[in-house]
Amino acid sequence: MTVSPSKEETAFWRQSVPELLKLQNTTDAGLTSSEAELRLKQFGPNMLRPPKKRALVLQFFARFKNPLVIILLIASAVSAFTGDVTSFLIIGSIVVMSVTLDFIQERRAGKAAEELRQSVAIRVQAMRDGKSIEIPAAALVPGDIVLLSAGDLIPGDGRVLLAKDFFVKQALLTGEPYPIEKFSGDLPEAGQDMADAKNSVFMGTSVVSGSARVLICRTGPGTALGEIADTLTAKAPPTSFEQGTQRFGLLIMRFTILLVLFVLLVNAYFHRPWLESFLFAVALAVGLTPELLPMVVSVTLARGAMRMAKKKVIVKRLEAIHNLGSMDVLCTDKTGTLTEARIHLERHVDALGRDSSRVLELAYVNSFFESGLKSPMDEAILEHKEIAIPDWKKIDEVPFDFERRRISVIVDNGRERLLVVKGAPEDILRLSTHYEESGEAGLKELDEAALAGIQTLSEAFGRDGFRVLGVAWKKVAQTEHHAVVNDETELVFAGFAAFLDPPKASAQEALAKLAHAGVEVKVVTGDNELVTRHICEKLGLPITGILLGAEMQVMDDQALSACVENVNLFCRVNPAQKNRVILALKQRGRVVGYLGDGINDAPSLHSADIGISVDSAVDVAKSAAEMILLEQDLNVLYEGVVEGRRTFGNIMKYIMMGTSSNFGNMFSMAGATLFLPFLPMLPVQILLNNLLYDVSEIPIPLDSVDEEYLTQPRHWNMNFIRNFMLSVGPVSSIFDFLTFYLMLHVFHAGEKLFHTGWFIESMATQVLVIFIIRTRRNPFKSRPNLWLTLCSLSAVSLAVALPFTPLGGYFGFVPPPISFYAILTGLVFFYLFAVEGIKQWFFRHFAQQ
């Protein structure tokens, strides 16, 4: 039995739990697997905008929507009706082969990329068949019972069945900036709106602290988030890489339109057959159009993503690969990246620096009863199992937040009721009025002299590399049942818990690699400057400047932008200040990466050019990130940066090929119509030339990239591409016109021999030039990929051999004299030599790309 997909007349937060369970046809134990499967078919995947899957055949035929392809097929069909059936069949076959090639390559790339994305998809704990199991969030259905805890993204709209200190941040839907506590039970009559629904949770919001058992009532488009999904899931602004490829495509298309119009006007002027001239112009447009660019980009990015996956970097959005390669500054916290994240509680001392078991006990009670996401320091405290707390029971808590930087719990042991507070030392001391000199019995006023001594002790711990928490308490009335922030006053300072998190063994090498690769590392942390400085000095990271959160607080954005370049340690900063640092760097034209794994990191992950998280991160961080590291290690990130640059380098090879030899050949073809009494190449020959050229370029994504290319961030630069085209492209045209002269005045070629000779020469020059353009080195000092070599040589060999085969006659070719091949060999050699000379001159005189 399933449930109705229509929304309830009464909102689910206004109904009683028994009514909802009956309406959803479920129980507190959840659904069976078979029932969940039926509901998944009924409601569809739990996604705001479920993907629309078209049949494979429809996807294939959609490739024929290209206007140039349609015009070409129609024009060739017209030629068939006028008697030239052979040309129609050949043109049709070439078009189908080209489209099929494009379709297969892009489909494989898309499938591989989707598999990688699914490997790091958000998962939830749900009750199925009476047991708690982990399932993909997309498989959730109405009627499921889910178990939520701190750090989880809420996967659907639902009703809270059980809650324990359950605080949710739902600013996404309501605009409320502070976490809201959620409860089970019915709402009073006054609470009828969604914003008042403290017994319900909504998709896309996040759990700050506590835990809950929730009945899912709505999923996917049916959720409150789904109703406004069009505004929230709007396509992200195009990256610099996407903008660059679009600008390149437009540049080529403008040249194409000009050349095609030129060809049509010239042929009309000379009164040449209109249909043949039209086919020639369209074929020329097909040859000029970078129709392989989308496929080359998709395949190269997908192969880059697969290589990165082997190096433990999972790419969620392929376009982000270029951003990672162009990243020139990385902002990161130190815990887990610069340190081992194996935090040990080394000391627990009182206000006078003496070892104190009472400080340990108070810290343990606070961490034990805290319902939020346990920090590594909480876990280090809780490793001290010798602390016995059988008599203590929790009354209430004020959850941790990044503004207050502390957590408070009210506990009772039957004899007294205490508020126990643990947090940043400076904040705990600011809220304290007394301190313990000899346990609870010996309290002293915290005057200026005592405060100065305690602060000196804290700073000494910091200089030695210890991370420090302050611990304080105060007695509260037995009637006190609820903790609020205002209770955190007039505290008694108990002492410090001091932790060591040793520098990560691999971090020093990774920092050196990133620096060599042109990536500046900036540490953005909530820790104090003494501990951070100690860690950086241990790792050999030069400190260029330190900025504290308190100093940043009084700076406007312009002032922050002015100093952000010269500072590489940002200490005692809150999440909003981390975000300001990233935005200030972006304002200065830097490409910023941010590595974070906590609840507080989501805004910064969104703001950065490339958001990076780790597989062990909370759901909120993983969802916001564009890349996931399977290991929290900067060496893994460095490998990802190198792969990003390698991927971009291979895409640039295709771009540079298209703007040099290929474009030069097509330009020559258009120019030849001015003085030749016939078309310089038949439409079917142009298309065959284009197909063979495309086939030769397919292995470019597999090619290696020179090591020196990988040592600096790489950015899209249209000026560089244009200058390269204007420098190298004319070389191709010069040798084309030299070929025209040889064919007409040395070999006295007729129309068919001219077509044959130039077809072979154009194929040889525009394909073999890849071995020159693919590297900035001497081509003999950079080995190309074996498949690229084989495909390129095969394409040229086929062009050379085709005139001697029966198939050559169908394309209008005739066997050239043997002397032609001797001259062609010398011509191609001098052409490649000339391109190499121009290439070396270009890279000496123009700024590096």
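Everything below is about the structure shown above.
Nothing here was measured: the structure is a model prediction, and the numbers come from that model.

Undergrad: Teacher, can you tell me more about unusual backbone geometry here?
TA: Excluding glycine, residues mostly have negative phi values, and the peptide bonds linking residues are mostly trans. A positive phi angle, near 70°, is found at Lys312, a position not held by glycine. Tracing the backbone through its elements, the reader meets Lys312 in the loop between helix H11 (293–310) and strand S8 (313–315). For Lys312, a relative accessible area of 34% gives the class partly exposed. At Arg572, a residue that is not glycine, the phi angle is positive and equals roughly 55°.

Undergrad: Help me out: how do you make sense of the environment of Val796 in this one?
TA: Here Val796 shows up in helix H30 (residues 786–801). Taking the C-alpha atoms as reference, Val796 lies 9.6 Å from Gln766; in sequence the two are 30 residues apart. Those residues in contact with Val796 that sit more than four places away from it in its chain are Met763, Ala764, Val767 and Leu768.

Undergrad: Help me understand the environment of Pro155, please; the structure alone is not making it clear to me.
TA: Within the secondary structure layout, Pro155 lies in the loop between strand S3 (145–149) and strand S4 (157–169). In this view, Pro155 contacts Asn46, Val124, Ala137, Leu140, Leu148 and Met203; residues no more than four positions away in its chain are not counted.

Undergrad: Please explain the side chain of Asp427 as it appears in this structure.
TA: With respect to the secondary-structure elements, Asp427 resides in helix H15 (residues 425–431). Accessibility expressed as a relative area gives 10% for Asp427, which makes it buried. Within polar-contact distance, the side chain of Asp427 engages the side chain of Arg405 at 3.1 Å. A distance of 3.1 Å separates polar atoms of two side chains, one belonging to Asp427 and the other to Arg430.

Undergrad: Just checking my understanding: could you explain the pattern of salt bridges for this structure?
TA: Where charged atoms from two side chains of opposite charge approach closely, those side chains can pair. What the rule picks out here adds up to 39 salt bridges. A salt bridge links Arg123 to Glu134; the shortest N-O distance between them is 3.2 Å. Of this pair, Arg123 sits in strand S1 (residues 123–128) while Glu134 sits in strand S2 (residues 131–136), placing them 11 residues apart in sequence. For Lys578, the salt bridge identified is with Asp601, shortest N-O distance 3.6 Å. Residue Lys578 is found in helix H21 (residues 575–587), and its partner Asp601 is found in the loop between strand S21 (592–595) and helix H22 (602–607); the two are separated by 23 residues along the sequence. Asp601 carries the same exposure label as Lys578, and that label is buried. The network of salt bridges with common partners includes Asp328, Glu520, Lys522, Glu565, Arg588 and Arg590.

Undergrad: I tried to follow the sheet that holds strand S22 (residues 610–614) on my own but got confused; where do I start?
TA: Strands belonging to one sheet form pairs held by backbone hydrogen bonds; the direction of such a pair is parallel or antiparallel. What the 8 strands build is an open sheet, ordered S8-S23-S22-S21-S9-S18-S20-S19; its pairing is mixed. Two strands bound the open sheet, and with one partner strand each, they are S8 and strand S19 (546–548). Across the sheet, the mean angle separating the axes of adjacent strands is 20° when strand polarity is ignored. Two elements, strand S18 (residues 520–524) and strand S20 (residues 569–571), share 2 bridges in a ladder whose sense is parallel. Looking at S20, one finds that Val523 is bridged to Leu569.

Undergrad: Help me understand the packing of aromatic side chains in this model?
TA: The relation between two aromatic rings is expressed through the spacing of the ring centres and the mutual angle of the planes. One pass over the structure, following the stated rule, counts 24 aromatic pairs. Arranged with centres 5.4 Å apart and planes meeting at 85°, the rings of Phe724 and Phe842 form a pair that is edge-to-face. One end of the pair, Phe724, is in helix H27 (residues 718–746); the other, Phe842, is in helix H32 (residues 818–845), with 118 residues separating them in the sequence. Given the relative accessible area of 0%, Phe842 is considered buried. Centre to centre, the rings of Phe829 and Phe833 are 6.4 Å apart; their planes meet at 20°, and the pair counts as stacked. Highlighted residues: Phe829 and Phe833, both in helix H32, separated by 4 residues, approximately one helical turn. In terms of burial, Phe829 and Phe833 fall into one category: exposed. Through pairs of rings, three or more aromatic residues link up here, namely Phe678, Phe737, Phe740, Phe754 and Trp758. We note Arg714 situated over the ring of Tyr709; from NZ or CZ to the ring centre the distance is 4.2 Å.

Thresholds applied
Residues numbered from 1 in each chain as written. Predicted model: local features only at pLDDT ≥ 70, side-chain atom pairs only at ≥ 80, totals over all residues. Heavy atoms only, no water. Helix = DSSP H or I, 4+ residues; strand = E, 2+ residues; numbered from the N terminus. Buried < 20%, exposed > 50% of the residue type's maximum accessible area, 1.4 Å probe, protein only. Contact = heavy atoms within 4.5 Å. Polar contact = N/O pair within 3.5 Å; in protein donor to acceptor, adjacent residues only side chain to side chain. Salt bridge = Lys/Arg side-chain N within 4 Å of Asp/Glu carboxyl O. Pairing = 2+ DSSP bridges. Axes fitted to C-alpha atoms, helices over the stretch in contact; angles between N-to-C directions. Phe/Tyr/Trp six-rings, centres within 6.5 Å; stacked < 30°, edge-to-face > 60°. Lys NZ or Arg CZ within 6 Å of the ring centre and 35° of its normal.

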